[in-house]
Amino acid sequence: YIEYKEFTCSLSSQGFVDISGNTVTPTTFTLIIDNQAPVVSTITHQGVTQFSKLPVSVTISFSKLVTLNENYESMVYGQYDDSTLSFHAFTRSSINSISEITLLSDSLSIELEPEHELIIMVDAGFATDANSLPTDAFNITLTVATGSIELSSIEELKDKVIASGR
């Protein structure tokens, strides 16, 4: 059983000769055997694992191009203390041949406590690759931010003010 293997094949001009003596143009090509299932490589909220309010948007990235299960929205959910959050597509777009998708949670009226955790779970089979190999189940923990924001520099603050038009 080969999980993943690349073969480079080269044909010389004498590789194939037909009955009339015609030859092929020399060429090189790569043959790939890929039996590796795609994996959820990351789930982040705006590139970090902290959030401060609901709804929360998360971006799910995959190790390779996938097609989402037609019921993919019901296969992602969050658990915050005793509350369960569902997710839906942030924007409607193709579910075929994608490498990431952004989803938005419900905006439940719950009190978020600093340092509490939101566990986001993705069910097995959320997506499949071109060979119909499904993703495994995956989860990640997001933490409620304490409310303090650290800036790496005053330039970052100035850029944000300029970008917002203030």
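The rules behind the values
- Residues numbered from 1 in each chain as written.
- Predicted model: local features only at pLDDT ≥ 70, side-chain atom pairs only at ≥ 80, totals over all residues.
- Heavy atoms only, no water.
- Helix = DSSP H or I, 4+ residues; strand = E, 2+ residues; numbered from the N terminus.
- Buried < 20%, exposed > 50% of the residue type's maximum accessible area, 1.4 Å probe, protein only.
- Contact = heavy atoms within 4.5 Å.
- Areas by Shrake-Rupley, 256 points an atom, 1.4 Å probe, with all protein chains shown as cover.
- Core = buried A, V, L, I, M, F, W, Y, C linked by side-chain atoms within 4.5 Å.
- pLDDT = per-residue confidence, 0-100.
- Salt bridge = Lys/Arg side-chain N within 4 Å of Asp/Glu carboxyl O.
- Patch = residues over 30% accessible without salt bridge, like charges linked within 9 Å, V, L, I, M, F, W, Y side chains within 5 Å.
- Phe/Tyr/Trp six-rings, centres within 6.5 Å; stacked < 30°, edge-to-face > 60°.
- Lys NZ or Arg CZ within 6 Å of the ring centre and 35° of its normal.
- Lys, Arg positive; Asp, Glu negative; His and termini not counted.
- Charge placed at Lys NZ, Arg CZ, Asp CG, Glu CD.

Chemist: What exactly am I supposed to notice about the overall build of the protein chain here?
Modeler: Helix and strand content of the protein chain: one helix and eleven strands. When the helices and strands of the protein chain are listed from N to C terminus, the series reads β-β-β-β-β-β-β-β-β-β-β-α. A burial count over the protein chain gives 27% of its 166 residues as buried. A separation threshold of at least 6 residues defines the contact pool for the protein chain, and within that pool the share at least 24 residues apart is 64%. With the model as given, the accessible surface of the protein chain reaches about 10800 Å², and the carbon-plus-sulfur share is 51%.

Chemist: Sorry if this is basic, but what is going on with the nonpolar core here?
Modeler: Membership of the largest hydrophobic core comes to 29 residues, with the highest contact counts inside it found for I60, F62, I101, L103 and F126. Of all the secondary-structure elements, those providing two or more residues to this core are β3 (40–44), β5 (57–68), β6 (76–80), β7 (83–89), β8 (98–105), β9 (117–122) and β11 (138–144). Considering every element that reaches this core, the biggest residue donor is β5, with five residues. Dropping the residues within four chain positions of it, I60 is found in contact with V40, T42, I43, V76, S99, E100, I101, L103, V122 and F126.

Chemist: What is the right way to read the confidence of the model for the protein chain from this model?
Modeler: Atom-level detail of predicted coordinates should not be read off regions where pLDDT is low. The share of residues in the protein chain with pLDDT of 70 or more is 88%, and the mean pLDDT across the chain is 84. Segment residues 148–153: pLDDT under 50, and two contacts once partners within four positions in sequence are set aside and those in other chains are kept.

Chemist: Is there a simple way to explain the pattern of salt bridges in this structure?
Modeler: Opposite charge on two side chains permits them to pair, given that their charged atoms come into close proximity. Under the counting rule described, the total for this entry stands at two salt bridges. Ionic contacts of the salt-bridge type, sharing partners, join the residues D34, K64 and D129 into one network.

Chemist: Would you take a moment to explain a nonpolar patch on the surface for this structure?
Modeler: Together, I2, F7 and L31 line one region of the surface with nonpolar side chains, adding up to about 230 Å² of accessible area. Positionally, I2 belongs in the segment before β1 (4–11).

Chemist: Would you take a moment to explain the packing of aromatic side chains for this structure?
Modeler: Each aromatic ring pair is described using two quantities: the centre-to-centre distance and the angle formed by the ring planes. Evaluated as defined, the whole model comprises two aromatic pairs. Where F62 meets F126, the ring centres are 6.0 Å apart and the plane angle is 20°; that geometry is what we call stacked. Separated by 64 residues along the polypeptide, F62 in strand β5 and F126 in the loop between β9 and β10 (127–128) bring together distant segments of the chain. In terms of burial, F62 and F126 fall into one category: buried. Aromatic pair Y72 and F126: ring centres 6.0 Å apart, planes at 85°, arrangement edge-to-face. Of this pair, Y72 sits in the loop between β5 and β6 while F126 sits in the loop between β9 and β10, and the two are 54 residues apart along the sequence. Each member of the pair, Y72 as well as F126, is classed as buried. Within the aromatic cluster, the residues linked to one another by ring pairs are F62, Y72 and F126. Directly above the ring of F7 sits K5, whose terminal nitrogen or CZ lies 5.9 Å from the centroid.

Chemist: I'm lost on a negative patch on the surface in this one. Help?
Modeler: Taken together, the side chains of D81, D82, E111 and E113 define an acidic patch exposed on the protein surface. Inspection of the secondary structure puts D81 in the loop between β6 and β7. Residue D81 is classed as partly exposed on the basis of its relative accessible area of 44%.

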